Amino acid sequence: MKLRTTLAALMATAALSGAAFAECELTLKSSDTHPDGYPTVAAVQVMGEMIKERSGGRICIEVFHSAQLGEEKDTIEQTKFGVIDMNRVSMGPFNNIIEETKVVSLPFIFRGTDHMHRVMDGPIGEEILAAFEPHGFIGLAYFDGGSRSFYNSQKPIDSIDDLAGMKVRVMQSDVFVDMMSALGANATPMPYGEVYSALQTGVIDGAENNWPSFESSGHYEVAGYYTLNEHLIVPEALVMSKVSWDKLTPEDQALIRQAAKDSVAINRELWAAREKVSEEKIRAAGVQIIDNIDKTPFIEAMVPVYEKHANTPKLQDLVTRIQATE
Ligand code: GTR
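These numbers come from a predicted model, not from an experiment.

Quick notes on the rules
- Residues numbered from 1 in each chain as written.
- Predicted model: local features only at pLDDT ≥ 70, side-chain atom pairs only at ≥ 80, totals over all residues.
- Heavy atoms only, no water.
- Helix = DSSP H or I, 4+ residues; strand = E, 2+ residues; numbered from the N terminus.
- Buried < 20%, exposed > 50% of the residue type's maximum accessible area, 1.4 Å probe, protein only.
- Contact = heavy atoms within 4.5 Å.
- Pairing = 2+ DSSP bridges.
- Axes fitted to C-alpha atoms, helices over the stretch in contact; angles between N-to-C directions.
- Near = heavy atom within 4 Å.
- Polar contact = N/O pair within 3.5 Å; in protein donor to acceptor, adjacent residues only side chain to side chain.
- Areas by Shrake-Rupley, 256 points an atom, 1.4 Å probe, with all protein chains shown as cover.
- Nonpolar A, V, L, I, M, F, W, Y, C, P; charged D, E, K, R; others polar.
- Salt bridge = Lys/Arg side-chain N within 4 Å of Asp/Glu carboxyl O.
- Expected span 1.5 Å × (residues − 1).
- Domains from an automatic or database assignment.
- Buried area = accessible area lost by both parts, 1.4 Å probe.
- Right-handed = clockwise from strand over helix to strand, strands pointing away.
- Left-handed = near helix turned anticlockwise from the far one by under 90°.

1. Side note on the environment of Glu 133
Within the fold, Glu 133 resides in the loop between α6 (123-130) and β4 (137-143). For Glu 133, a relative accessible area of 35% translates into the label partly exposed. Along the backbone, Glu 133 and Gly 218 are 85 residues apart, and their C-alpha atoms lie at a distance of 35 Å. Leave out the neighbours within four places in its chain, and Glu 133 touches Ile 138 and Lys 242.

Set out below in structure tokens:
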């Protein structure tokens, strides 16, 4: 989205919601691609309530959900420039900007959600949050993004061979483009908001995501096969613009940091509940679920992706430490 369009959207929404935020001295604008009610959107809204209360009503957060401020790659740019104050995005679209985020976007780097939590809640997570700052962002917290698996409109995918030559949408990150090539498919990097019609019109055969995104985006209506190969567990990032951050007092910065940390538990609870609801809805809709998949060939195929993207001693060390985390 162009800057002018974004500003127009911001002003229009601000006018509509002006009354709700009129009493706030400072209203921070926060972006999310997901619809209202999605666990990331709700967690930031709850965080906003905490911030409002703890600041004595001075600081508020207005969440612009449903990609009202644009697709993730564009909103990341606008966050860097301070047009958007806060952003909840996947780590994926940060991969080409902040190399440390590539490590936690590598396929099969986490053995499961518990492993991801132990890594991201500890020193490695803090190290990666700190890596955002030199690039113009303040890393605040990580939210859950479940496990991502392949879905498509064509046929059941039982093995890597079935992916050969398929056109599969990925997030705009070289890691995911190379992941698809290593699996023999044709990667189509594309903004999230374009995937539904691309599936419907056959521009792509498939995509990959977690249960709640597959459901809330409606992609399951146009892609009837879901293979639970769980190739990616990508943490969601909550970041602030350094431009906006630098205008705050150290006390208010600490208040926001704490509220962000406190919102993590809320997000995890909402996430676990939503995963179940989304899975039920997708199963009830008649999507064919392939869940007896042998993951080993998928894991083995990722060797070149690790070699290419964890290609410095610093990144290799991060991989080793993540794998060594119990
Ligand atoms: C979702 C994630 C979004 C976005 C989307 C995508 O799971 O929460 O931030 O990255 O996937 O595939 O683009």
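2. A look at the sheet that holds strand β3 (residues 86-90)
The 5 strands are arranged β2-β1-β3-β10-β4 in an open sheet whose pairing can be described as mixed. Among the strands making up the open sheet, the edge pair consists of β2 (59-64) and β4. The mean angle between the axes of side-by-side strands here comes to 25°, regardless of whether they run parallel or antiparallel. Where helix α11 (residues 250-284) meets the sheet, its contacts fall on β1 (26-32), β2, β3, β4 and β10 (236-241), and the angle it forms with β4 comes to roughly 25°.

3. What about the site of the ligand?
What surrounds the ligand is a group of 13 residues, the closest being His 34, Glu 72, Arg 169, Asn 209 and Glu 236. A distance of 2.8 Å is found between an oxygen atom of the ligand and a side-chain nitrogen or oxygen belonging to Arg 148. In isolation the ligand exposes 320 Å². Once the protein is present, 98% of that is buried. Considered class by class, the residues forming the shell around the ligand number 2 nonpolar, 6 polar and 5 charged.

4. Some points on the pattern of salt bridges
Counted by the stated rule, this structure contains 21 salt bridges. For Arg 321, the salt bridge identified is with Glu 127, shortest N-O distance 2.9 Å. Placement of Arg 321 in helix α14 (residues 313-324) and of Glu 127 in helix α6 is noted, with a sequence separation of 194 residues between them. With relative accessibility at 30%, the residue Arg 321 sits in the partly exposed group. Given a relative accessible area of 36%, Glu 127 falls into the partly exposed group. Among the ionic pairs, Glu 230 bridges to Lys 295, the shortest N-O distance being 2.7 Å. Here Lys 295 lies in the loop between β11 (288-290) and α12 (296-300) and Glu 230 lies in strand β9 (residues 225-232), a separation of 65 residues in the sequence. Taking the relative accessible area as the measure of exposure, Lys 295 reaches 29% and is therefore partly exposed. A single salt-bridge network, built from bridges that share partners, covers Asp 32, Glu 72, Arg 88 and Glu 236.

5. Quick look at α11
In this model α11 runs 50 Å from its N-terminal to its C-terminal C-alpha over 35 residues, within 8% of the 51 Å that 1.5 Å per residue would give. With its phi angle positive at about 90°, Gly 286 sits one or two positions after the end of α11.

6. Thoughts on the domain arrangement of the chain
Annotation of the chain at the domain level lists domain 1 (3-145 + 235-277) and domain 2 (148-233 + 284-324). One C-alpha centre belongs to domain 1, the other to domain 2, and the line joining them spans 24 Å. The interface is formed by 35 residues belonging to domain 1 together with 37 residues belonging to domain 2. Taking both sides of the interface into account, the surface hidden between domain 1 and domain 2 amounts to around 3200 Å²; carbon and sulfur atoms contribute 64%. Among the residues domain 1 hides against domain 2, the three largest losses belong to Leu 106, Pro 107 and Phe 108. Together they make up 21% of the total. At the junction of domain 1 with domain 2, the criterion picks out 4 salt bridges. With 4 residues, the top contributor of residues to the side of domain 1 that touches domain 2 is helix α5 (residues 113-120). Residue composition of the side of domain 1 that touches domain 2, grouped by class: 15 nonpolar, 11 polar and 9 charged.

7. Observations concerning the pairing of β2
Burial analysis of β2 places 6 of its 6 residues in the buried class, which makes it a mostly covered element. Alternating residues of β2 divide into Ile 59, Ile 61 and Val 63 and Cys 60, Glu 62 and Phe 64, and every residue in both groups is buried. Regarding topology, helix α2 (residues 39-54) serves as the crossover connection from β1 to the parallel β2, and that connection is right-handed.

8. Focus: the packing of α2 against α11
Two quantities define a packed helix pair, namely the angle between the axes and the distance from one axis to the other. Axis separation between α2 and α11 bottoms out at 8 Å; the angle between their running directions is 145°. At the point where α2 passes α11, the crossing takes the right-handed sense. Along the contact surface, α2 presents Pro 39, Thr 40, Ala 42, Ala 43, Val 46, Met 47, Met 50, Ile 51 and Arg 54, while α11 presents Leu 255, Ile 256, Gln 258, Ala 259, Ala 260, Asp 262, Ser 263, Ile 266, Asn 267, Leu 270, Trp 271 and Arg 274. Of the residues belonging to the contact of α2 with α11, the class tally is 14 nonpolar, 4 polar and 3 charged.

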